[in-house]
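# Residue-level structure breakdown
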Amino acid sequence: MQLWQKQLNLFFIAMGFFTRIPMPKWIEVDADKLNKASRYFGLVGLLVGAISAAVYSLMLYWVSPSVAIVFAMITSVLVTGGFHEDGLADTADGLGGGWTVEAKLNIMKDSRLGSYGALALVLALLLKWQLLTELALFDPSSVSLALIVGHCLSRVVAASFIFSEEYVSDTDTSKSKPLAQQQGINELSILLASGVLALLLVGLVPALVLITGLVIVRYGFIRLFRSQIGGYTGDTLGAAQQGSELSCYLLLLILGVSW
């Protein structure tokens, strides 16, 4: 298999892992390839963000920006299958309802939605809609790039946990799909490069603010997860993605960025 075919294979693995978009039948998947595919998680975020932004821009011809944002949010959930939102809800249930590490992990593996998870999910979706709606007041078109940048950078932040943190869940009993558990320096470098591509869309000052803000957010999540469960799980990566995406929108709103 040629180099470009290997890289395309890895991208499709990443796409198939994080979205409901069907993978070509010729794709080969194993644990090693899944670990290497983490290099393209940020590019998958660009894809999800671009699809959501396209729906938002199209809906602006018929409805107000606030309604178009709802359609963009629905689109991202349909494309990803609510993968990250589910992780956020499970993480909130586990950290909020468990008294020991074992109890927290067991709760996260439970497919049922608890009160902590429901609250976290509702508040996160409401905050996401509100931040994007406020951002549209500066310029409705700014929401499109915010979606692209937010979806990409948030997945870069979440995926980077694989490089520095320890995976603590039991794969044999986990309800989730197999997860990349190792990340080499090559994967991390390509992952960060995809984040740079997104940052090029917003200009120097917003890019520096986003980098600084997301480094702080990442540090906060790492401290939380280490203290609560000693590392990361697939669910906590989803929570980190949602938190980082919200942080991107908040930072852009504070800057009053419009393109």
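Residues numbered from 1 in each chain as written. Predicted model: local features only at pLDDT ≥ 70, side-chain atom pairs only at ≥ 80, totals over all residues. Heavy atoms only, no water.

## Side note on the pattern of salt bridges
Applying the stated criterion to the full structure yields 5 salt bridges. The closest approach of N and O atoms between Arg39 and Glu187, which form a salt bridge, is 2.2 Å. Of this pair, Arg39 sits in the loop between helix 2 (31–37) and helix 3 (41–59) while Glu187 sits in helix 9 (residues 185–199); the two residues are 148 residues apart in sequence, bridging distant segments of the chain. Judged by relative accessible area, which is 9%, Glu187 ranks as buried. Measuring nitrogen to oxygen at the nearest pair gives 2.7 Å for the salt bridge that ties Arg112 to Asp110. Overlapping salt bridges bring together Glu85, Lys128 and Glu245 as one network. (Salt bridge = Lys/Arg side-chain N within 4 Å of Asp/Glu carboxyl O. Helix = DSSP H or I, 4+ residues; strand = E, 2+ residues; numbered from the N terminus. Buried < 20%, exposed > 50% of the residue type's maximum accessible area, 1.4 Å probe, protein only.)

## Re the UniProt feature "transmembrane region" in the protein chain
Taken from the UniProt record, the annotation "transmembrane region" applies to residues 9–29, 43–63, 64–84, 118–138, 143–163 and 196–216. Between the end C-alpha atoms of residues 9–29 the distance is 8 Å, and the span holds 48% helix and 0% strand. Taken end to end, residues 43–63 comprises 81% helix and 0% strand; its first and last C-alpha atoms sit 29 Å apart. (UniProt positions renumbered as here; feature names shortened; annotations may be inferred.)

## Digging into the packing of helix 5 (residues 83–97) against helix 6 (residues 101–109)
Contact pair helix 5 / helix 6: the axes reach a minimum separation of 8 Å and the direction vectors enclose 150°. In terms of orientation, helix 5 and helix 6 fall into the roughly antiparallel class. The handedness of the crossing between helix 5 and helix 6 comes out as right-handed. Where helix 5 abuts helix 6, its residues Asp90, Thr91, Asp93, Gly94, Leu95 and Gly97 lie against Lys104, Ile107 and Met108. (Axes fitted to C-alpha atoms, helices over the stretch in contact; angles between N-to-C directions. Parallel < 35°, antiparallel > 145°, perpendicular 65-115°, else oblique. Left-handed = near helix turned anticlockwise from the far one by under 90°. Contact = heavy atoms within 4.5 Å.)

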